[in-house]
Amino acid sequence: MTPFSFERAEKASASAGVRYLGGGTNLVDLMKLEIERPERLVDVSRLPGDIRESDGAIVIGASVTNAALSADPLIRQRYSLLSTALLSGATQQLRNKATTGGNFLQRTRCHYFYDTARACNKREPGSGCDALEGHNRFHAILGASEHCIAVHPSDMAVAMAALDAEVRTIKADGEGRTIPATDLLRLPGDAPERDHVLDDGELIVEVRLPANPPARQLYRKVRDRASYAFAVVSIAVALDMEDNVMKNVRIALGGVAHKPWRAEKAERALEGAFVDASVFAQAADAELQDAVGRGDNDFKIPIVRRLIITALRDVTDLSKEHSA
Amino acid sequence: MNDQPTTKWIGQPLDRVDGPAKVTGAATYAADYRGDQQAAIGFIVEATIGSGKVSQIETAEAEAADGVHLVMTHQNAPEQAPFGDNADAGRFGMSHAVLQNDEVRYYGAPVAFIVADTLEQARYAAGLIKVTYQADDSVFDAFEHEDDAFAPDSLDGAEEADVDKGDFDAVFAESAETLDATFHTAAQHAAAMEPHATVAEWDGDKLTVHIAVQILSSARKAFANTLKIDPANVRIVTPFVGGGFGSKLGVHSEGVLAALAARKLQRPVRIAQTRRHVFSNGPHRTNHRQRIRLGASADGKLLSVAHETLGAMSRDYPFAEAAASPTMASYAADAMKIRHRVVAANIPHVDSMRAPGEAIGTLTYESAIDELAVQCGIDPLEFRLQNEPKQEPASGKEFSSRTLARCLREGAELFGWETGPVEPGALRQGRLLIGRGLAAAIRPNMMQPAEAAAELYRDGRLTVELDMTDIGTGTYTILTQIAAETLGLDPNAIAVRLGDTDYPKTCGSGGSFGAGSTGTAVSKACASIRDTIIDRAARLDGDWAGVNSGDLRIENGNAVVAGRSLALGAILDAIGGDSFKGKGQVEPGKAHEDLAQYSYGGVFAEVSVNADTGEIRVRRLSGAFDAGRILNEKTARSQLMGGMIFGLGAALMEESLMDMRFGSFMNRDLAEYHIAVNRDVPRLEVKMLDTFDQNSNPLGSKGIGELGICGTGPAIANAIYAATGYRTRKFPIHLEDVLDHLPAL
């Protein structure tokens, strides 16, 4: 661990050259492995943060823990897919520590990112990507580049993307800004070292969930085991139905890309359409037409197709048949 | 088999006698040891090539870092015997030299060892070391280098690499029903909760090593052979071990590094390997390819069996796993062909792990047998029963006892196995495809040399000492029960002391032989005290002549038998001593040479497969097992349950991914290397037959630790077949493997 200075934030303020410590469930591990080497660490985990209603919207302080957020009655009633997503991630111990702001900024679990002896453009820009021809079962099928095929591991961020959440930040110059959750994280392109669009020292202060979310919501995570495991792939769906017509359709996919993947092509295929199994298949196929497997992860394409179709089937009650 | 004697303490579900020490933190594991002098902390710098040489290593920056006392590399490491020297001492006792020259033997081998005041300082300094390598051609993938395969000189779990019985090719060619299936089983790491850890401390020429190992006597040899010192000057102390699973049978690089550094610094050195380091500086089970060919008559009589395995042996480290071991013992067949082949590879040490041989052998063989049964149109339980052998199929040896069929039948009853044809995928609950499967479990029963010393004091307290280890299995408890039984003594009056080479030498823990071997030695040590008491008492009081020694009890400092009572003090006064001392010793005898000895089980699984996503979950596991006489009903059950959980992991999760371009394991933490944990484990039902096998040892017990793992994995695989129609050719089984067998949407 490279020596660093540590201070505890008194108030939510941003300054350049600083890394923020939330629950530390990911950053501290990465510091021990010297994958992350912050020189100044500012602990923002104890800044006051709560969950409050504001004009129908919900405002979540960045320091609210995943455990608290998942258990909040308002969240469970109106944004149930967010609660489900949070509870499907990590373990209760980790959720007790992990924060809302920090969850967005957790880093990929790519084996080659974690092994400092291996080439990784995300860890060391320009060094190459050993995952391309390596063990890449967990890697991206959408929006990847020849520089990086890593996926973002968060469940919460997928839910936030589907719910059209907004992230409020303050920059080092004191200016605030609002970033759609869908755009907070980015695709790798030729700069996979940048997971997100935040500037140096920019601090997430709160997350806003818009009022009147779609009534029908579902989060489903496909995982290798029932206990603590990152998603193989996951889906968040939110939509309204009126006279069997789908409206306000929002779909986000996890485990498929460098960021939570808003399935806009599928959304377009479904918006205004009658609930129908063939429409679901068309939507899935539209979304996956550009999907690329890298070997070990080829199976993600048919799995995601099945996941989109069955999630839509369930969220629209096309099939009343539920798993035991 | 014969009747089990009536007992008071043996078999009772006694709570672990070390339980309170463990839950209060009083139990000290290797890295918990604190001596008079504060230890410095070590950290390993790993090689990042699989094979080649260190051409340059820059250490100045690390040496200058805060708190650093030593940067040890091959350039300044003390002289040691070359790695592998004293091969006669076996792979655990031979020289385990580290940093002996510029050569890199495997990916992750230590190239430097940093010792600092704190872990953080040492770890930071490790990052300041700059190493330049000259890599050479290396072998990581055994299958790519199959042309270089050879039959290993020795094999863990079988006497010969090759076994031929009858003419396999001819019988196979004439078999009405045949199966030719090639399986792949994964590399695995034991992933014990306690990592490999050591505190090494010198006092002049004498070295004391507090180290996480399963076998103390071979650890002592390893240090003596490596450091070229007298074994009498090496003391190994290991009172508690946080899980071994084979990974701590021998010593590992961290132990030798700590001993070398402690001598150079004249200060104790402590190191607990990091979890990532354990994946290269701890041993692993290598991946195997196993081809199984089976032939049967149309009515399901097994006629021909071939099992050919290929895996990697790490260069200079002689270990190969007998994956075909269960094949040689499970079912009768006229013709048998067994081949074990290995390729020498530049990979981290491959060694015994959780039921070496049977764990991966039953995975494949019991899957293949199941497939053949279905092919013959016979219920897989019935198929197994009708191919039950009279003698050990490969060797023709008589069995010491044979209860496999009984285990299968009782397991079937416990589980509620329904015979008759089942169409795969026919059983559904909503979105879930339900499948049920079974498999046989079999595991060789071994005996190893062991000695024990017991001492009974005037007040009726007993101490028992031996260099056995308790690796979490319950050894302290069962040895207490055995001593209590033999002397008719309350367990609370007994102190069992383990884990110190100052105590009599044993085989340690491994191969499920620990309880039977050391339990017998303890029983004999206590019996010798008992006999002394009766003999001496008879001299003092003629009434004692001819009493049944088995009826003796020690109560309140008195020897009591059938209405007679004498103070232990009175007997001791007559002898002129302060205590009674007894020694016990055991060696494997003829019964272990001449007879085929096994523990048995029948394991049944119910799984669900999500019809949408292919996600596989185990819903129910039941097993009936025979491990001879049960020494402690509670710890034995825990052993079997733990084994079943590992079997579940082998079927569905545990897989160490090596990148064959580099020879490095990639998923080196427990978020990526999945071990089955609470939510993955369903209700486990365990039935123990509780028999008595006098051929095994005088206690009648058999090895139990590794039995539960056997059979569980293939029972799950066979259940997945029943759910989906998918017959696996690889382990672990992932959701994508069943994708093509899911119902259309």
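In this text, all values refer to a predicted model and were calculated from it rather than measured experimentally. (Residues numbered from 1 in each chain as written. Chains lettered and ligands numbered in written order. Predicted model: local features only at pLDDT ≥ 70, side-chain atom pairs only at ≥ 80, totals over all residues. Heavy atoms only, no water.)

1. Things to note about the overall build of chain B
Definition in use: Working definition: helices are DSSP H or I runs of at least four residues, strands are E runs of at least two. Numbering for both runs from the N terminus. Restricting the calculation to C-alpha atoms gives the radius of gyration, and the globule rule supplies 2.2 Å times the number of residues raised to the power 0.38. Working definition: with a 1.4 Å probe on protein chains only, accessible area under 20% of the residue-type maximum means buried, over 50% means exposed, and in between means partly exposed. We call two residues in contact whenever any of their non-hydrogen atoms come within 4.5 Å of each other.
If you tally the helices and strands in chain B, you get 17 helices and 29 strands. Over its C-alpha atoms chain B spans a radius of gyration of 27 Å, differing by no more than 12% from the 27 Å that the globule rule assigns to 745 residues. Dimensions of chain B, computed from the C-alpha atoms along their principal axes, are close to 80 × 75 × 50 Å. When each of the 745 residues of chain B is scored for burial, the buried share is 64%. Considering only residue pairs separated by 6 or more positions, chain B has 81% of its internal contacts joining residues 24 or more positions apart.

2. Thoughts on helix α14 (residues 568-575) of chain B
For an α-helix, the turn length of 3.6 residues means that residues three or four places apart are oriented alike. All names here are of chain B. Heads up, the rule is: This arc corresponds to the set of directions leading from the helix axis out to the C-beta atoms.
Three or more residues of α14 are buried, namely Leu-568, Gly-569, Ile-571 and Leu-572. For α14, the buried positions fall inside an angular range of 160° around the axis, keeping them on one side. In this structure, the buried side of α14 is in contact with β18 (450-457), α13 (514-540), β21 (553-555), β22 (558-561), β23 (564-567) and β24 (579-586). Trailing α14 by a residue or two, Gly-576 shows a phi angle of about 85°, which is positive.

3. Some words on the pairing of strand β6 (residues 166-170) of chain A
Residues and elements named next belong to chain A. Applicable threshold: A strand pair is defined by DSSP finding two or more bridges across the two strands.
Taken together, the five bridges between β6 and strand β7 (residues 176-180) define a ladder with antiparallel strand orientation. When the bridges of β7 are listed, Ile-170 appears paired with Gly-176. Linking β6 back to β7 in an antiparallel pair, the connection comprises five residues, with Gly-174 at a positive phi of about 90°. When β6 meets strand β8 (residues 203-209), the two strands line up antiparallel, connected through five bridges. Note on β8: the bridge partner recorded for Glu-166 is Arg-208.

4. Focus on the sheet that holds strand β2 (residues 52-58) of chain B
Residues and elements named next belong to chain B. The strand order across the open sheet formed by three strands is β4-β2-β6, and the pairing between neighbours is antiparallel. Here the strands that pair on one side only, and so sit at the sheet edges, are β4 (103-104) and β6 (130-135). Both β2 and β6 contribute to a ladder of six bridges, which runs antiparallel. Looking across to β6, one finds that Gln-56 is bridged to Thr-132.

5. Considering the domain arrangement of chain B
Residues and elements named next belong to chain B. Selection rule: Either an automatic procedure or a domain database provided the assignment from which the domain bounds are taken. When two components associate, each loses some accessible surface as probed by a 1.4 Å sphere; the sum of these losses over both components is called the buried area. Pairs of N or O atoms within 3.5 Å make up the polar contacts considered here, provided that, within protein, one atom can donate a hydrogen while the other can accept it, and that residues adjacent in sequence are counted only when both atoms are side-chain atoms. All amino acids are sorted into three groups, where Ala, Val, Leu, Ile, Met, Phe, Trp, Tyr, Cys and Pro are nonpolar, Asp, Glu, Lys and Arg are charged, and the leftover types, Gly among them, are polar.
Under the domain assignment used here, chain B contains domain 1 (19-26 + 448-587) and domain 2 (390-443 + 599-741). Here the C-alpha centre of domain 2 lies 38 Å away from the C-alpha centre of domain 1. Of the residues lining the interface, 13 residues belong to domain 1; the matching set on domain 2 comes to 13 residues. For the pairing of domain 1 and domain 2, the buried interface totals around 930 Å² over both sides, and the portion due to carbon and sulfur atoms is 58%. Sorting the residues of domain 1 by area buried against domain 2 places Thr-473, Ser-512 and Thr-520 first, and these three jointly supply 43% of that buried surface. Run the count over domain 1 and domain 2 and you get three residue pairs in polar contact (both at pLDDT 80 or more). Of all the secondary structure elements, the ones that give two or more residues to the side of domain 1 that touches domain 2 are α12 (475-487) and α13. Per-element accounting of the side of domain 1 that touches domain 2 gives the leading share, five residues, to α13. When grouped by side-chain class, the residues that make up the side of domain 1 that touches domain 2 number three nonpolar, 10 polar and no charged.

6. Description of the packing of aromatic side chains
Residues and elements named next belong to chain B. Stated precisely, the cut-off is as follows: Here is the rule: rings of Phe, Tyr and Trp (six-membered ring for Trp) pair when centre to centre is within 6.5 Å. Planes less than 30 degrees apart are stacked, more than 60 are edge-to-face, and the remainder are tilted. For a ring to carry a charge above it, either NZ of a lysine or CZ of an arginine must fall within 6 Å of the ring centroid while also lying within 35 degrees of the normal to the ring plane.
Per the stated rule, a full pass over the model turns up 13 aromatic pairs over all chains. The structure contains a cluster of three or more aromatic residues connected by ring pairs, namely Tyr-29, Phe-240 and Tyr-476. One residue, Arg-620, lies across the ring of Phe-415, its end atom 4.0 Å from the ring centre. The positively charged end of Arg-729 is found above the aromatic ring belonging to Phe-183, 5.3 Å away from the centroid.

7. A few points about the interface of chain A and chain B
Often, the extent of an interface is quoted as the loss of accessible area on bringing the components together. Cut-off, in case you're wondering: Within this document, salt bridges are pairs made up of a side-chain nitrogen of Lys or Arg and a carboxyl oxygen of Asp or Glu, the two lying within 4 Å of each other.
Each side of the interface is counted separately: chain A has 44 residues, and chain B has 43 residues. Taken together, both faces of the contact between chain A and chain B bury some 3800 Å²; the carbon and sulfur share is 53%. Counting the surface chain A buries against chain B, the share from its top three residues, His-111, Arg-225 and Arg-306 of chain A, is 19%. There are six salt bridges connecting chain A and chain B. As a salt-bridge pair, Arg-137 of chain A and Glu-736 of chain B come within 2.6 Å of each other at their nearest N and O atoms. At the junction of chain A with chain B, the criterion picks out 18 residue pairs in polar contact (both at pLDDT 80 or more). Residues that form the side of chain A that touches chain B fall into these classes: 18 nonpolar, nine polar and 17 charged.

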